[in-house]
Amino acid sequence: MRTDIALNGSSSPTANYIGWTPRPATIRLLESAGVPGPVRVTLRNQRTNAGGQLLFSRQPNAIGTDTLQLDLPTNGTPVRFFVGGKFLSPSSADKDAVIAVTTGANNAPLGTLPLMVRVRKDAMKLSAAERTRFIEAMSILNNRGAGRFNQFRDMHRQETLEEAHGADGFLPWHRAYLLDLERELQNVDASVTLPYWRFDRPARDVFTRDFLGESNAAGVVQFASTNKLQFWRTDNGTGVLRRLLFSPAASARGDLGPVRTEASTMNDLGTDYGGFIRMEGQPHAAAHRSFAEFLSNADTAPRDPLFFLLHCNVDRLWARWQWLKRRFDPAVPGSFRGSPRPGHRLNDTMWPWNNDRNPPRPNTAPGGTIAPSPVTAAPSPSPAVREMIDYQGKTNAAGWLGFDYDDVPFEP
Amino acid sequence: MDIQEYRRQVEEELEREAASASLESVGSDADPVSTAADPSASGERRIRAIRELAGSARENRAEIEILLRLLRSDSEPPAVRLAALGALGQLQFTSPLFNEMRPEFIDTLRSAVDASDEEVRTRVLETLAQHKDEYAQRRLLAGLRGEEPPLVPEQKAIQFLGYDIHAEHYPLLREIVERSDSPGVRREAVRLLSSDPTAVEILGRVFQDRTEHHEVRRAAAGALATLAPQDLEGRAKEVALDPGEAPALRATSLTALEHFGNPAALEADQEFLERLDAGAARTAITEESMDLGSGPAATELDQAISRFKGRFGRK
């Protein structure tokens, strides 16, 4: 007798990735002919001292427990349960979280399911292996300027800025943009997530030759000779230009002064989206303007891989604000406001994923539809602004986008 | 951790930080427009006012024009001009008006390229270069060709040219690689030659020139990786096996091979792997006795060899 578990509606190992949001799973008995039923089984973490940790529940939208008992019919009928990552106990390697299924007083093993509690992490807290996996995936996507990354670079140019900036769709657009890129990275290495750079804190370990590179006085970013980012290439030029206007041992500040702290971003921008969106200026633009060269300009910023860590933190700040102010429901006005410009209203689809090349949209649409994910069907291939708001699927489980932040929990 | 307890902790922390921030708060300027433009106000007050305008000018053409005026004026203190440039830089991201005001912004920047302060001049030229401005390119080229006094150091001028590189720039860049005695300048020129199909020979020469600075040679490897990957593969193998080479160069060569090389061919080339082992040992001795390369570079070489062998060595 053994068990079989299917996660995220799939029995494929490629679907075995979760965050903090409890995800649907089913378990069934196999090879149980002749066994008197039902069979009571216990689900638990195989290892409690290492790897990502899991919580189990019978109900959706509930924080689970360390173990769960289920009665399984012997005819193989699947039984539904939910599994989520235990907050603050994410994975650090692929499939390092394991569901162990046992039965009886002796805890006889019936099966296991390796999975990963895959969340976006503070770049300062990544292990060396996590850093390397991220860099390698980015480098492969870039492929000396000839890879898929080119399309991400082309999505964020001077000519396309009105799709992404200067109006209320700023945060949803960049959430879709990061998600699309992250999914492409995961096609290279499924264990990779985008890290975030907390620009309001010292981040000395981010600006190292082994990771995002060390800038010299001329703004040339220098990488270790083992770092594949040394071959990074955009816009017909190899390398990255980045001059820090602050010390990497301090929080970011530039020609707009210090970046707004996270506490101020949470405390001082109000409880409604209309106030919070002012963060596009401070801290977002101030973080960009704490550098000279690529990052200082909206057109050239995506040429620097650090851009994606900066924006990942912007998105994390939005996620954290959403959690603190309980602003996940797109139907609630405080969760989003909307500007008159196309692409910035709640039900508008977003360029370029909608392939709309008619004015006032840009006349190109690089990249096609958003990359699909084996863990969730959301968002739709040409996502609307509203699909980016409830990223944890709190008000609509089918809208779960498949990412989480290490310090933003799922709270029912 | 219990999520409600976590929420309570976070909210308490935010309250504490809000309280301490209000103690330190300097308050906002009652009239930032007047303060920003007031030459009799202290520089610190004016800069604070300009930073406030960065937020409020988002939908206010008159306020954006004040910022443009401050940036344009060579009589303003450099810190005020840089703050104005910063505020305009923020508005480029956030202002729905900015696109239509872009021509005025570019005109203002052009009028400031001869600013007496070097940092103002550099940031203004950088911004124009990022906007692919032809006037800035002409001035940069004139400086590089010695036709007029350079506005910025040669290395920066090449970097700025790189924001919009054209085929007609390549002969000048090749000439700079040959004539400049500054490794930083040569490296920037090499970096931009990565799109010049006629530069393969010169890049190959730089990459294998043991008298050249290793950072320039690494830049040449990066350029060749794009321009002539097969050419690089052969050269990289030679460098990787050469115990007299700088460890950083050998490690870069191995990283390039691992990243871009033909996997089947590398797996089949067991002789290369065996020779790589022997070469590594000799480098360790040479480095110790002759003080070639840095400690980190030697460690990086060890890592590169280990990773390469892990990937391509016989299983």
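Preceding block: the structure.
Residues numbered from 1 in each chain as written. Chains lettered and ligands numbered in written order. Predicted model: local features only at pLDDT ≥ 70, side-chain atom pairs only at ≥ 80, totals over all residues. Heavy atoms only, no water.

## Considerations on the pattern of salt bridges
Where charged atoms of side chains with opposite charge meet at close range, the side chains can pair. A full pass over the atoms with the stated rule returns 64 salt bridges over all chains. Within the structure, one salt-bridge network assembled from shared partners comprises Arg153, Asp154, Arg157, Asp235, Asp299 and Arg303 of chain A. (Salt bridge = Lys/Arg side-chain N within 4 Å of Asp/Glu carboxyl O.)

## Some words on the sheet that holds strand 5 (residues 54-57) of chain A
Paired through backbone hydrogen bonds, the strands of a sheet run either parallel or antiparallel to each other. Residues and elements named next belong to chain A. Overall, antiparallel pairing links the four strands, which are arranged 1-3-7-5 in an open sheet. Each edge of the open sheet is held by one strand with a lone partner, namely strand 1 (2-7) and strand 5. Put simply, the sheet's adjacent strands are angled 35° from each other on average, direction ignored. As defined by bridge partners, strand 3 (residues 23-30) adjoins strand 7 (residues 79-85) across five bridges and the pair is classed as antiparallel. (Pairing = 2+ DSSP bridges. Helix = DSSP H or I, 4+ residues; strand = E, 2+ residues; numbered from the N terminus. Axes fitted to C-alpha atoms, helices over the stretch in contact; angles between N-to-C directions.)

## Digging into the packing of aromatic side chains
Residues and elements named next belong to chain A. Inspection of the entire model under this criterion finds 30 aromatic pairs over all chains. Measuring from ring centre to ring centre gives 5.6 Å for Phe149 and Phe308, while their planes differ by 80°; the resulting arrangement is edge-to-face. Taken together, the positions of Phe149 in helix 2 (residues 149-155) and Phe308 in helix 8 (residues 306-325) put the pair 159 residues apart, joining distant regions of the chain. The buried category is assigned to Phe308, whose relative accessible area is 0%. (Phe/Tyr/Trp six-rings, centres within 6.5 Å; stacked < 30°, edge-to-face > 60°. Buried < 20%, exposed > 50% of the residue type's maximum accessible area, 1.4 Å probe, protein only.)

## Concerning the interface of chain B and chain A
Chain B puts 65 residues into the contact, and the matching count from chain A is 69 residues. In this assembly, chain B packs against chain A so that about 5700 Å² is buried in total across both faces, 50% of it on carbon and sulfur atoms. At the boundary of chain B with chain A, the tally comes to seven salt bridges. Linking Glu258 of chain B and Lys228 of chain A is a salt bridge whose minimum nitrogen-to-oxygen distance equals 3.1 Å. Summed over the shared surface of chain B and chain A, the result is 35 residue pairs in polar contact (both at pLDDT 80 or more). Looking at which element gives the most residues to the side of chain B that touches chain A, the answer is helix 5 (residues 78-94) of chain B, with 10 residues. Of the residues in the side of chain B that touches chain A, the class split is 25 nonpolar, 21 polar and 19 charged. (Contact = heavy atoms within 4.5 Å. Buried area = accessible area lost by both parts, 1.4 Å probe. Polar contact = N/O pair within 3.5 Å; in protein donor to acceptor, adjacent residues only side chain to side chain. Nonpolar A, V, L, I, M, F, W, Y, C, P; charged D, E, K, R; others polar.)

Geometry only, nothing functional implied.
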